[in-house]
Every structure is written in structure tokens, then in C-alpha cells.
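The primary structure of each chain is shown beneath.
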Amino acid sequence: MLPILRTASKSGLDRGRGCDVVDSDRIDKLIAAVPRALALRAGLDLGIFTRLGGSTATADSLGVALNVAPDRLSRLLYALASIGLLDVEDGQFRNGAEAAAFLDASKPTYRGGDHALLRELWGADLLTAESLRQNRPAALHDFSEADRESAAAFSRLLAPGGVIFGRQLAQEIDLEAVGSVIDIGGGAGTILVGLREGRPQIAATLMELPTVAAVAPDILSEYGADDVVVEEGDITVAPSIGRHDLAILKAVVQVLPPDQARSSILNAARCLAPRGEIAIAGWGVVDDDRLGPPEGVFLNLTFLNLYRHGEAYTEGQYRAWMTEAGLREISRSRLTDGTTLFRGRLPG
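Residues numbered from 1 in each chain as written. Predicted model: local features only at pLDDT ≥ 70, side-chain atom pairs only at ≥ 80, totals over all residues. Heavy atoms only, no water.

### Observations concerning the overall build of the chain
Helix and strand counts for the chain come out as 13 helices and 13 strands. Viewed in the frame of its principal axes, the chain has a C-alpha envelope of about 60 × 60 × 40 Å. A total of 348 residues make up the chain; the buried ones form 43% of that total. Long-range pairs, those at least 24 residues apart, make up 66% of the contacts in the chain between residues at least 6 apart in sequence. Averaged over its 35 positive side-chain charges, the chain has a centre that lies 4 Å from the centre of its 46 negative ones. (Helix = DSSP H or I, 4+ residues; strand = E, 2+ residues; numbered from the N terminus. Buried < 20%, exposed > 50% of the residue type's maximum accessible area, 1.4 Å probe, protein only. Contact = heavy atoms within 4.5 Å. Lys, Arg positive; Asp, Glu negative; His and termini not counted. Charge placed at Lys NZ, Arg CZ, Asp CG, Glu CD.)

### Description of the pairing of strand β3 (residues 86-89)
Inspection of the sheet shows β3 paired to strand β4 (residues 92-95) by four bridges, in the antiparallel sense. Across the sheet, Val88 pairs through a bridge with Phe93, a residue of β4. Connecting β3 to the next strand, β4, in antiparallel fashion are two residues, including Asp90 with a positive phi near 55°. (Pairing = 2+ DSSP bridges.)

### A short note on a nonpolar patch on the surface
On the surface, Leu132, Phe298, Leu301 and Leu304 cluster together to form a nonpolar patch covering roughly 390 Å² of accessible area. No other element matches the three residues that helix α12 (residues 294-306) contributes to the nonpolar patch. Among the secondary structure elements, Leu304 is positioned in helix α12. (Patch = residues over 30% accessible without salt bridge, like charges linked within 9 Å, V, L, I, M, F, W, Y side chains within 5 Å. Areas by Shrake-Rupley, 256 points an atom, 1.4 Å probe, with all protein chains shown as cover. Salt bridge = Lys/Arg side-chain N within 4 Å of Asp/Glu carboxyl O.)

### Some thoughts on the sheet that holds strand β9 (residues 272-282)
Taking strand neighbours across the sheet as the criterion, the seven strands line up as β7-β6-β5-β8-β9-β13-β12 in an open arrangement whose pairing is mixed. Strands at the two margins of the open sheet, each flanked by one partner only, are β7 (229-232) and β12 (328-334). Between one strand axis and the next, the sheet turns through 20° on average, direction left out of account. Summarising the sheet, β9 and strand β13 (residues 340-345) pair through six bridges and their orientation is antiparallel. Bridging across to β13, Ala279 finds its partner in Arg343. (Axes fitted to C-alpha atoms, helices over the stretch in contact; angles between N-to-C directions.)

### A short note on the environment of Asp234
Locating Asp234 in the fold gives a position in the loop between β7 and β8 (244-250). In this view, Asp234 contacts Met207 and Leu209; residues no more than four positions away in its chain are not counted. Engagement of the side chain of Asp234 in a polar contact is seen with the side chain of Thr236, the distance being 2.7 Å. (Polar contact = N/O pair within 3.5 Å; in protein donor to acceptor, adjacent residues only side chain to side chain.)

### What to know about the confidence of the model for the chain
Mean pLDDT over the chain works out to 91, with 93% of the residues at or above the 70 mark. Across residues 1-16, where pLDDT falls below 50, the model places 20 contacts with residues more than four positions away in sequence or in other chains. (pLDDT = per-residue confidence, 0-100.)

### Overview of the pattern of salt bridges
Per the stated rule, a full pass over the model turns up 18 salt bridges. Among the salt bridges present, the one from Arg167 reaches Glu197, with a minimum N-O distance of 3.0 Å. Here Arg167, found in helix α8 (residues 148-172), pairs with Glu197, found in the loop between α9 (191-195) and β6 (203-208); they are 30 residues apart in sequence, far enough to count as distant. For Glu197, a relative accessible area of 47% translates into the label partly exposed. Where Arg345 meets Glu277, a salt bridge forms, and the shortest distance between an N and an O atom there is 3.1 Å. Placement of Arg345 in strand β13 and of Glu277 in strand β9 is noted, with a sequence separation of 68 residues between them.

### Quick look at the nonpolar core
Residues Ile184, Val253, Ile278 and Ile280 are the most contacted members of the largest nonpolar core, which totals 34 residues. At the level of elements, β5 (180-184), β8, α11 (258-269), β9, α12 and α13 (315-324) are the ones that each hand at least two residues to this core. Per-element accounting of this core gives the leading share, five residues, to α11. Of all hydrophobic cores here, the second largest spans 24 residues; its members include Ile202, Leu206, Leu246 and Ile248. (Core = buried A, V, L, I, M, F, W, Y, C linked by side-chain atoms within 4.5 Å.)

### Some words on α8
Taking 1.5 Å of rise per residue, the 25 residues of α8 would be expected to cover 36 Å, and the 34 Å separating its terminal C-alpha atoms lies within 8% of that figure. In α8, a bend of some 40° at Ala159 exceeds every other bend along the element, and Pro160, a proline, comes one to four places later. Every buried residue of α8 is accounted for by Ala151, Ala152, Ser155, Ala159, Gly161, Gly162, Val163, Ile164, Phe165, Gly166, Gln168 and Leu169. Structurally, α8 contributes buried residues whose contacts are with α9, α10 (210-222), β8, β9 and β13. (Expected span 1.5 Å × (residues − 1). Bend = angle between axes of the 7 residues up to and from the residue.)

### Focus on unusual backbone geometry
Note: most peptide bonds trans; most residues except glycine with negative phi. Geometrically, the link from Gly292 to Pro293 is a cis peptide bond, its omega value of -5° lying close to zero. Position of Pro293 among the secondary structure elements: in the loop between β10 (285-286) and α12. Phi is positive for Ala251, close to 55°, though the residue is something other than glycine. Turning to its location among the elements, Ala251 is positioned in the loop between β8 and α11. For Ala251, a relative accessible area of 27% gives the class partly exposed. Its identity as a non-glycine residue notwithstanding, Glu329 has a phi of 55°, on the positive side. Of note, Glu329 is situated in strand β12.

### A closer look at the packing of helix α3 (residues 59-66) against helix α4 (residues 70-82)
At a minimum axis separation of 9 Å, α3 and α4 run at an interaxial angle of 110°. By the criterion of interaxial angle, the relationship of α3 to α4 is roughly perpendicular. Only Pro70, Leu73, Ser74 and Leu77 of α4 make contact with α3, whose side of the interface consists of Ala59, Asp60, Leu62, Gly63 and Leu66. Considering only residue class, the contact of α3 with α4 consists of six nonpolar, two polar and one charged. (Parallel < 35°, antiparallel > 145°, perpendicular 65-115°, else oblique. Nonpolar A, V, L, I, M, F, W, Y, C, P; charged D, E, K, R; others polar.)

Shown next as C-alpha cells:
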């Protein structure tokens, strides 16, 4: 690959502001960000940051531990060191401050739990032009048509991230008055695991499509959550058979066409007891001008490749649907991982 050439050009047009200067810095930075991100992904895939933990290691010892050739591994280690994720001195590598805090899977603050999912999403992102040319998702993912094996594999892929999000949500919501919670469309339901770590007495229900509901109990059991009730259902068609103090919709609305997105929120509100609260979360949310936040804007492109109808809906659309559902005290916030969280409450 040839080095990237940086260029600058002058418009030569003086409109009272002097000559405008345009250079390629923005483009160069965008291009350079890709290999850095892929190096991070490779480090997560290999488990380098977790293997290092709080210790130091050479490329030789890490290569033996990871069963990869040390001389080839050293290229990745030095690349990770060059972007500050690893520190290196005299051939000894250790985690940098951010990697130690967020990329070591043994830490409760671990942010790499979704790296396998990230691989899927980035693979889909490469197909955006193809999806537009074909006028259909080039990497179609259809939850309703998944077989049991595919549903189990995908649910396990999402399970670690679910636990992490549940912990985040527990920090945002006052659970003192919550006696019952339902996770709607939550895959294996591991959000409930993280949410209830500090309050295991909260009764928990997972509502999912039949194929996913069939595999969820085994995965929940692996996380020690055998007490979660698994209910088959389609939130776009009807609410849960029970009533709950808290209803969670994580990354559900954004994969649905507008009419079903609306009905999912209306039906989720019908799952609530008086004064019950709804928490709608996901990266697939954009401001009303559709220019931000970046997570929502660019996930909207990813959706082109994965779903026939899903999209990042605007704040205005969410607020309108929530208001129609009878919810009040509607708020929007941003979690530490960039997830947008909408909250609303039924009147007492």
C-alpha cells in the first residue's frame, strides 16, 4: 500500500474573507482511523488485554500463551503500543491505563464484551454501497426467520453486553420501588442479570419471539438466572400477559419499521402497572436534524445492510410515540457507552 499523500489546494477566490485553504487532513484522519480500530479488534479477539491483566509480558511469552507466532504477534503489540493501548519498555508489554480499565475482561468496567458483535457490524458496514445498489440489505439479519441454532448463537453473542448494559441501567434508575421488571425483545435476557445484581429479589420476566424464547433459559442458567420467567410474545402485536413496574426495550425499536416501532412502544406501555416506568435504549437514535449523535447517524448506515426496515428514529418520533402511549416525565439521556436512553412513566 502506497503512503497517503497529503495535499492542499487554494480556491483562489477572494470573497472578502481572504483565500480559503482546503487540505486533506479530515480525509487522512478518517482513513487512518480504520487500521487503528481493526488493531483494537484484533487485540480483543486474541484476548491480549485480558491475558496481560496487571502484569507484563514479552511477545515470546504472549505468543506461547495465545498459541500464535511471537514474531508476527509483535507487530500487533507494537501497533497497539503506538496508539496508547499498550505500554512497552525493553520488549516488555503491559496494558495502558484505558486498556487496563476497560479492555480487561476480568474487570467489571470491561467494555469489550461486544467485540464479536462489533466484528459482525463492521463486516456489514463494508457492504453499504452494495446494499444501496441492490436496494436490499446485503447482510440481511431477520430475527423472525432464525432457526434455533442461529438464535442460540446470536443470543450468546449479545449476552455479555447485556449484563454490562443491565449494570449501567441499575445506576440510572432507582430500583427501590421496582418489584417486577420485564425485558422485551432482550435476546437471552442477560440485561436482567446485570440489572438485578444488587437487588436479586426483583421479579424478572423476559418477553421474546418463540425461537429466541426457546433458547433463552439455557443461556440464563449459565448466568445463574434460573428464576427469570420466559414469556413467548411479539411486542408489536400485543403486550405481556403481566404488569410490571419497569419495562425495558433495548435495541428493539430501531430494528422495526415505523408502524411496528410505534406499536411496540404502545404495547410496552400496556405492560406497566400504574406509575410504572419504561426504559427505551439503543444507539439507533438521531437528533431531529439527523446530524448527530455519531453513534446513531452511522448505525443508521449499518441498518441499511442488516434490516429491511429498521432505522435510527429521531428524538421527536420517540417522544411522539411515548406521549401517545400515555407516558409522562419523558426524558432523554446518554449513557457512558454512547447509548441513548429514553425514560417515561405512566400516571399514578
